[in-house]
Amino acid sequence: MSTASTAVREAVDDALPAVTDRVSVPQLVALGGVVVALWAFLSVLHEILVVTGDPGQLYYVLAGAGLAGTVLARVIRPRTALGLGAAAVVGGTYLYVQSLPGGVQFLAVAAPMLTDAWELLAGLSVLRIVNADIWALTAAPGPVFLAWYLGLRRHYTAASAVAGGALGVMVLTGDATTTATLIGVVGVTTAVAFGDCDRRNEPLRNADALVVLLATMVVLTLFVGVVPGAADSLISTEGIGTEETTMESSLVYAGDQVSVTGPVELSPEVRYTVEADRESYWRAGTYDRYTGGGWVRSGGLRSYQGPLQSPPGDSRTLEQKYTAETEIATLPAANKPVSVGSVPVPVQVTDAGGFQPASPLQGGESYRATSEVPTANSRQLQAAGTDYPEGIETRYTELPDSTPARVAERTDRLTANADNPYDTARVIEQWLENNREYSLDVERPRGNIADSFLFEMDAGYCTYYATTMVTMLRTQDIPARFVVGYTTGQQVADDEWVVRGYNSHAWVEVYFPEHGWITFDPTPSSPRESAELDTLDDARTQGTGDVDTTESRESTIAPTTPSTPDGTPGGDGLNGSETTPPSGPDETGGDGGLSIPTIPLPTPEQLGVGLLVLAGLLAAGRRTGLNQQLYRAVWLRRRPDGDPEDVVAGAYHRVVYLRELAGREKAPGETPREFLADADERAKRVGDLYERAKYGPGIDEAGATEATRLLAELLDERSRLPHRLEKRDTKSR
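These numbers were taken from a predicted model, which means no experiment stands behind them.

For the rest of this paragraph, the subject is the overall build of the chain. Helices and strands together make up the secondary structure of the chain, namely 25 helices and 18 strands. In the chain, which comprises 733 residues, the share counted as buried stands at 47%. Sequence-distant contacts in the chain: of pairs separated by 6 or more residues, those separated by 24 or more amount to 75%. As displayed, the chain has an accessible area near 36,000 Å², and 54% of this comes from carbon and sulfur atoms.

The sheet built from four strands is open, its strands ordered β3-β14-β17-β18 with antiparallel pairing. Each of the sheet's edge strands pairs with one partner strand only, and the pair in question is β3 (282-287) and β18 (516-520). When the angles between neighbouring strand axes are averaged without regard to direction, this sheet yields 40°. Bridge count for β3 against strand β14 (residues 480-486) is five bridges, and the pairing is antiparallel. Bridge pairing in β14 places R283 opposite G485.

This part is about the pattern of salt bridges. Under the definition given, this model contains 15 salt bridges. Between D256 and R297 there is a salt bridge, and its shortest N-O distance comes to 3.1 Å. Residue D256 is found in the loop between α11 (247-250) and β1 (257-259), and its partner R297 is found in the loop between β5 (294-296) and β6 (301-303); the two are separated by 41 residues along the sequence. With a relative accessible area of 27%, D256 lands in the partly exposed category. According to the relative accessible area criterion, R297 is buried, its value standing at 6%. One salt bridge connects E429 with R426, and the closest N-O pair in it is separated by 2.4 Å. Of this pair, E429 and R426 are both found in helix α15 (residues 421-435), three residues apart, which corresponds to roughly one turn of the helix. A network of salt bridges, in which partner residues are shared, links D680, R682, R709 and E713.

Most of strand β11 (residues 366-374) sits inside the fold, with seven of its nine residues counted as buried. As defined by bridge partners, strand β7 (residues 315-324) adjoins β11 across nine bridges and the pair is classed as antiparallel. For T317, the partnering residue across the bridge sits in β11 and is E372.

So, on to a negative patch on the surface. Where like charges cluster on the molecular surface, the negative patch consists of D641, D643, E645, D646, D700 and E701. Its place among the elements puts E701 in helix α24 (residues 701-719). What makes E701 exposed here is its relative accessible area of 54%.

What follows is about the packing of helix α14 (residues 405-414) against helix α17 (residues 462-475). Two elements in contact, α14 and α17, have axes whose closest approach is 9 Å; the angle formed by their N-to-C orientations is 80°. Here α14 lies roughly perpendicular to α17, going by the angle between them. When α14 is examined against α17, the residues V407, A408, T411 and L414 are found in contact with a partner set consisting of T471, M472 and T475. Taken together, the residues of the contact of α14 with α17 break down into four nonpolar, three polar and no charged.

By the secondary structure assignment, T488 is in the loop between β14 and β15 (490-493). With relative accessibility at 1%, the residue T488 sits in the buried group. Among the polar contacts made by the side chain of T488, one reaches the main-chain carbonyl oxygen of S280 at a distance of 3.1 Å.

For the rest of this paragraph, the subject is the sheet that holds β6. With antiparallel pairing, three strands are arranged side by side in an open sheet as β6-β9-β10. On the outer flanks of this sheet lie β6 and β10 (355-357), each paired with one strand and no other. The sheet shows a mean angle of 40° between the axes of neighbouring strands, taken without regard to direction.

Now for the packing of aromatic side chains. Inspection of every chain in the model, using the stated rule, returns 21 aromatic pairs. Ring plane angle 10° and centroid distance 5.0 Å describe the contact between Y322 and Y367, whose orientation is recorded as stacked. One end of the pair, Y322, is in strand β7; the other, Y367, is in strand β11, with 45 residues separating them in the sequence. According to the relative accessible area criterion, Y367 is buried, its value standing at 1%.

Soluble globular proteins tend to bury their nonpolar side chains together. Within the largest apolar cluster, 79 residues are counted, with the highest numbers of intra-cluster contacts made by L432, L473, F482, V508, V510 and F520. By residue number, the principal contributor to this core is α17, which donates eight residues. Look past the residues within four positions of V510 in its chain and what remains in contact with it is A425, L473, I478, P479, A480, G516, W517, I518 and F520. L42, L137, F145 and A176 belong to the second largest nonpolar core, which has 40 residues in total.

This brings us to unusual backbone geometry. With an omega of 5°, the peptide bond between N335 and K336 qualifies as cis. The phi dihedral of D477 falls on the positive side, at around 60°, and the residue is not glycine. In this fold, D477 is placed in the loop between α17 and β14. Looking at D477, the relative accessible area reads 48%, which means it is partly exposed.

Another point: the packing of helix α2 (residues 25-52) against helix α3 (residues 56-72). It is the contact of α2 with α3, at a shortest axis distance of 9 Å, that shows an interaxial angle of 150°. By the angle between their axes, α2 is roughly antiparallel relative to α3. Every residue of α3 that contacts α2 at L42, H46 and L49 is listed here: L58, Y59 and L62. Here the contact of α2 with α3 is built from residues that sort into five nonpolar, one polar and no charged.

To continue, consider the environment of D700. Tracing the backbone through its elements, the reader meets D700 in the loop between α23 (681-695) and α24. A relative accessible area of 46% means that D700 is categorised as partly exposed. Polar side-chain contacts of D700 include one of 2.8 Å to the backbone nitrogen of G703.

Averaged over all residues, the pLDDT of the chain is 75; the fraction at 70 or higher stands at 69%. Per-residue pLDDT stays below 50 along residues 103-109; that stretch engages in eleven contacts with residues further than four places along the chain or on separate chains.

Procedures and definitions
- Residues numbered from 1 in each chain as written.
- Predicted model: local features only at pLDDT ≥ 70, side-chain atom pairs only at ≥ 80, totals over all residues.
- Heavy atoms only, no water.
- Helix = DSSP H or I, 4+ residues; strand = E, 2+ residues; numbered from the N terminus.
- Buried < 20%, exposed > 50% of the residue type's maximum accessible area, 1.4 Å probe, protein only.
- Contact = heavy atoms within 4.5 Å.
- Areas by Shrake-Rupley, 256 points an atom, 1.4 Å probe, with all protein chains shown as cover.
- Pairing = 2+ DSSP bridges.
- Axes fitted to C-alpha atoms, helices over the stretch in contact; angles between N-to-C directions.
- Salt bridge = Lys/Arg side-chain N within 4 Å of Asp/Glu carboxyl O.
- Patch = residues over 30% accessible without salt bridge, like charges linked within 9 Å, V, L, I, M, F, W, Y side chains within 5 Å.
- Lys, Arg positive; Asp, Glu negative; His and termini not counted.
- Charge placed at Lys NZ, Arg CZ, Asp CG, Glu CD.
- Parallel < 35°, antiparallel > 145°, perpendicular 65-115°, else oblique.
- Nonpolar A, V, L, I, M, F, W, Y, C, P; charged D, E, K, R; others polar.
- Polar contact = N/O pair within 3.5 Å; in protein donor to acceptor, adjacent residues only side chain to side chain.
- Phe/Tyr/Trp six-rings, centres within 6.5 Å; stacked < 30°, edge-to-face > 60°.
- Core = buried A, V, L, I, M, F, W, Y, C linked by side-chain atoms within 4.5 Å.
- pLDDT = per-residue confidence, 0-100.

Shown next as structure tokens:
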């Protein structure tokens, strides 16, 4: 056994010099920087794939690209590798184009592709484009292959440029978080700085300027905001500022993305006056892509050129006239809108068939909308079947790969007795309405919103209800989407409704073959209507919100609940709205005792940034000599200890340092006696004691005590300010 161990040890000892001769530590660190920069880029693609489907395919793509880069680094030249990288990008673009609906040819979509590329660089999220998962997979191999190849060839700057450029595109699209961006910055800077050390054969310690640069960039990124596309921040801004988020601002004004937020308020401001033959929900926008924390509307916008397609089943026409009472940036219309007219601004159409104004409407401006409202009753919807159009099924049953399995398991149990999509939707709708309380005052959970609302939360508002219902339906492969807009509002005449900010709402639309999108609303209606009236009363009391202060609560006509033809909620408009927040726990802790303050712990990201900043400060101190000065200042004040000889030696070295601070440098080979010839008598005495201890018969405790006392006097005299010395001298006279 000992012979074998010795042989192994000798083999390792023989191999280590060869390895260290071929690969230096700076080279390994520089390659690590390239890997970190690539990881930051790939982490963004991974998150996109988590939202849009299965990220597992990305691992195979990366393995292939990395293996190709490793093998070809020994075979081909950089110019050839650059051509292969470009070919990978072009090939990936071609594969993405071929995945688009209709099997279009590349040249036929060249102009739209260039337009999409420009919009991506201008801030269009990748999650908003069609087949975002295929885009992410095809975007990965080119940068990975080329950056890794260049890193292995020791072209660290070029490798960093490739990896950093790829990450930069994700920053511009807004998909890269601040965390990913900072990690990418660290990787790029590390690769460049340590790669420079590797090429110059400089020692690793000379790269301490890198740490200073990294810390500076981190501080600038966090506090100056040099990352324009970052989607989140390492420093929480929760609780900063006094302006509250309103339901309306978090929903209908959210644009192409809706994030599920925490506490919200209701606004009594009048937004629209609606004239119509029948009440409905006034839809402002639909969202198809669930991220786990919010919603994204995929697809682009096109100019409105004329009437849109009607729903596939029976419908009745609903004419509406909307008058904006304030500046407004939406064009609501009942489901399903087919045309708009008399709009004072250009109109755009979403891929889902909704209308968007190219610029806001001003107060007093109006427009007309025509909707074809589906009229299918419950029996027809129960018999609709599951023969969904391919595009509808693929797009509206998609869930993030991170969705916990227990969401589907609970939905399976709840809907076990439902034998068709309509009954499944009704069961989920009623279960949520009956088993969750309504509150506007909720803390936004971490992780998947639907999972949290099902298993960890007791209350929420419409965003939580609608998000959870859509998610549950999609686990059953039933196409569903998240919808925002306004509830009916306050009826002020037979065919007129006043819509206020607090009527903003989120609900669900479910697709049924041969009938189209049908509205469902899992949010309890009564609590919200009560909250709306309370908000209106408060506004009247305070004289705000453009309300008639002479109108009493009792005279207010409460919004009605639209229903399906057979009398069940959920036809062309749905029950309800939001509610009054239930009373929360007592602020003293719920049991009458005093609350115990807790110390918030930093997140791992904040801890990592803090350590990086600390390392930067230490490196900056080393570069400037500040670290040594601080250490010397502490050392100078620390009393020498140990044997008498050690005490005297410590006192002498401190005296020498005091002389050097005063401008007298000790020359090499200069004896203590020579160095202290023109010094203070106390310093000379310390020098004499040091010579006795080192070269003479030695020193005793009395000598050590004397050296310590003399040093203390010199230090005390040095620490006094000039005006104090003058006062002391004046007084002595």
